[in-house]
Amino acid sequence: MALKVAPGPKLSERTTLRLGGRAQAEIVVTSPEDADSLGAELARHGASPLVLGWGSNLLAVDEELDLVVVSLEPADPVLLEPAACCAGQEGGKVTVRASGGLMLPKLVNWAAKLGLSGLEGLAGIPGTVGGAVAMNAGSYGRETAELLTRVRIWDLRGGMRWIGPAQWNTGYRRFAPDGGLWPWLALEAEMTLTASSPERVRALVDANLARKKATQPVSTATCGCVFKNPEGLSAGKILDELGFKGKSLGGMCFSPMHANFLVNEGRGTAKAALDLIAKAREAVKAAYGVELELEVRVVR
Ligand code: EPU
């Protein structure tokens, strides 16, 4: 196996917000072992790397980008311990390994079919496993990092290695490998799930999906929540109170369904998105004295 190098993709075609200009090139890591040669390949290109998963938490500017996209090819999830699942072992712990490039919903479905519980809270999060690890993605009180036992990472300083919970720091939408040097990649993740029944796991997954569908604009072009919730407050609620729900500018708007979701109405631009974000931050600062922190990552 070797790294694959492809022409630079347009980020508007690779991000869920459908914004962003063309990158210089794309390096595709086709198997974790390839990561060994990533440092040399990145040096050859010169431009800064952008690690790209599902592109669901990115707001990329519309100009040509002096960036090299690094992406991971997915592999199927594997049951490590015990090697076969799981009838009659209800409550037993099960270790699984998932590729960083795998779509999180595929992992959630795979676990539901096998009756493995633990991932239900992450149902409906549009991301890759690597993206979910890197952002410590979460919903309904559950976070990705809670499940992780080991993560195989690569970074420029330390190369490829497995790290465990003693070697990372996590917080709200934050996962930081000790001494990790940006950029770093989550190549593979191992996690502990609990044997349950397919019916029970499926019911919880479906309930969370229904709740998301009822409260979030899941089928439109968004980048999820734009702002982190400030300590003890809900960014969506504050923005709603201040009249930002449905507020539109240059083809972008705050969702009429949930005020913390930025939506591309079709012909939106990154400039309009950033202008709307600035207006929202100003209004919240004036009304609450709170500086809203971006949850979405701006790519420029
Ligand atoms: N609310 C309003 N108006 C709005 C939006 C929300 O009044 O326009 C109220 C809701 O009624 C609720 C409260 O604000 O009482 C909180 O809203 P919600 O339950 O939708 O949760 P959230 O805090 O806005 C967080 C995460 C979401 C995650 C949901 C479900 C952040 C920034 N957001 O949203 O994560 O899906 O909880 O667990 O932490 C993301 O990270 O991109 C994301 C979407």
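Every value quoted in this text rests on a predicted model; they were computed, and no experiment measured them. (Residues numbered from 1 in each chain as written. Predicted model: local features only at pLDDT ≥ 70, side-chain atom pairs only at ≥ 80, totals over all residues. Heavy atoms only, no water.)

Digging into the site of the ligand
Stage number 1. What surrounds the ligand is a group of 20 residues, the closest being Y140, Y172, C225, N229 and D240.
Stage number 2. Within the contact set of the ligand, an oxygen atom lies 2.7 Å away from a side-chain nitrogen or oxygen of N229.
Stage number 3. When the ligand is considered free in solution it has 820 Å² of accessible area, and contact with the protein chains removes 71% of it.
Stage number 4. Every element with two or more residues in the shell around the ligand is listed here: β16 (222-225) and α5 (235-241).
Stage number 5. Ranked by the residues each element gives to the shell around the ligand, the list is headed by α5, at 3 residues.
Stage number 6. Per-domain counts for the shell around the ligand show at least three residues from each of domain 2 (78-214) and domain 3 (219-299). (Near = heavy atom within 4 Å. Polar contact = N/O pair within 3.5 Å; in protein donor to acceptor, adjacent residues only side chain to side chain. Areas by Shrake-Rupley, 256 points an atom, 1.4 Å probe, with all protein chains shown as cover. Helix = DSSP H or I, 4+ residues; strand = E, 2+ residues; numbered from the N terminus. Domains from an automatic or database assignment.)

As for the domain arrangement of the protein chain
Stage number 1. Along its sequence, the protein chain is organised into domain 1 (4-72), domain 2 (78-214) and domain 3 (219-299).
Stage number 2. On a C-alpha basis, the centroid separation for the pair domain 1 and domain 3 is 26 Å.
Stage number 3. With 14 residues of domain 1 at the contact, the number on the domain 3 side is 21 residues.
Stage number 4. Carbon and sulfur atoms supply 64% of the area that domain 1 and domain 3 bury against each other, a total of about 1300 Å² over both sides. (Contact = heavy atoms within 4.5 Å. Buried area = accessible area lost by both parts, 1.4 Å probe.)

Some points on the pattern of salt bridges
Stage number 1. By the definition in use, this model includes 15 salt bridges.
Stage number 2. In this structure, R152 engages E33 in a salt bridge whose closest nitrogen and oxygen atoms are separated by 3.1 Å. Separated by 119 residues along the polypeptide, R152 in strand β11 (residues 148-155) and E33 in the loop between β2 (25-29) and α1 (38-45) bring together distant segments of the chain.
Stage number 3. We classify E33 as partly exposed; its relative accessible area is 46%.
Stage number 4. Three or more residues are tied together by salt bridges with common partners; here these are E33, R152 and E188. (Salt bridge = Lys/Arg side-chain N within 4 Å of Asp/Glu carboxyl O. Buried < 20%, exposed > 50% of the residue type's maximum accessible area, 1.4 Å probe, protein only.)

As for a nonpolar patch on the surface
Stage number 1. Side chains of L233, L242 and Y288 sit close together on the surface and give an oily, nonpolar patch of about 220 Å² of accessible area.
Stage number 2. With respect to the secondary-structure elements, Y288 resides in helix α6 (residues 270-288). (Patch = residues over 30% accessible without salt bridge, like charges linked within 9 Å, V, L, I, M, F, W, Y side chains within 5 Å.)

Section: the side chain of N136
Stage number 1. Position of N136 relative to the elements: it lies in the loop between α3 (129-135) and β9 (138-139).
Stage number 2. Separated by 2.9 Å, the side chain of N136 and the backbone nitrogen of A145 make a polar contact.
Stage number 3. Engagement of the side chain of N136 in a polar contact is seen with the backbone oxygen of G171, the distance being 2.9 Å.

Digging into unusual backbone geometry
Stage number 1. In the segment running from E81 into P82, the intervening peptide bond is cis, with an omega of -10°.
Stage number 2. Located in the positive-phi region is N136, a residue other than glycine, with phi close to 45°.
Stage number 3. Look at N136 and you get buried, because its relative accessible area is 0%.
Stage number 4. Phi is positive for Y140, which is not a glycine, with a value near 50°.
Stage number 5. Along the polypeptide, Y140 turns up in the loop between β9 and β10 (142-143).

Focus on the environment of A166
Stage number 1. If you trace the backbone, A166 turns up in the loop between β12 (159-163) and β13 (168-171).
Stage number 2. By relative accessible area, which is 72% here, A166 ends up exposed.
Stage number 3. Linking A166 and D178, residues 12 residues apart in sequence, is a C-alpha distance of 8.7 Å.

Side note on helix α4 (residues 198-215)
Stage number 1. Counted at 1.5 Å a residue, the expected span for α4 with its 18 residues is 26 Å, and the 26 Å between its end C-alpha atoms agrees.
Stage number 2. Within the sequence span of α4, burial applies to V201, V205, N208 and K212. Buried residues along α4 cover an arc of 65° about the axis, so they all sit on one side. In this structure, α4 carries E199, K213 and A214 as exposed residues pointing more than 90 degrees from its buried face.
Stage number 3. On its buried face, α4 sits against α2 (104-114), β8 (116-117) and β9. (Expected span 1.5 Å × (residues − 1). Arc of directions from axis to C-beta.)

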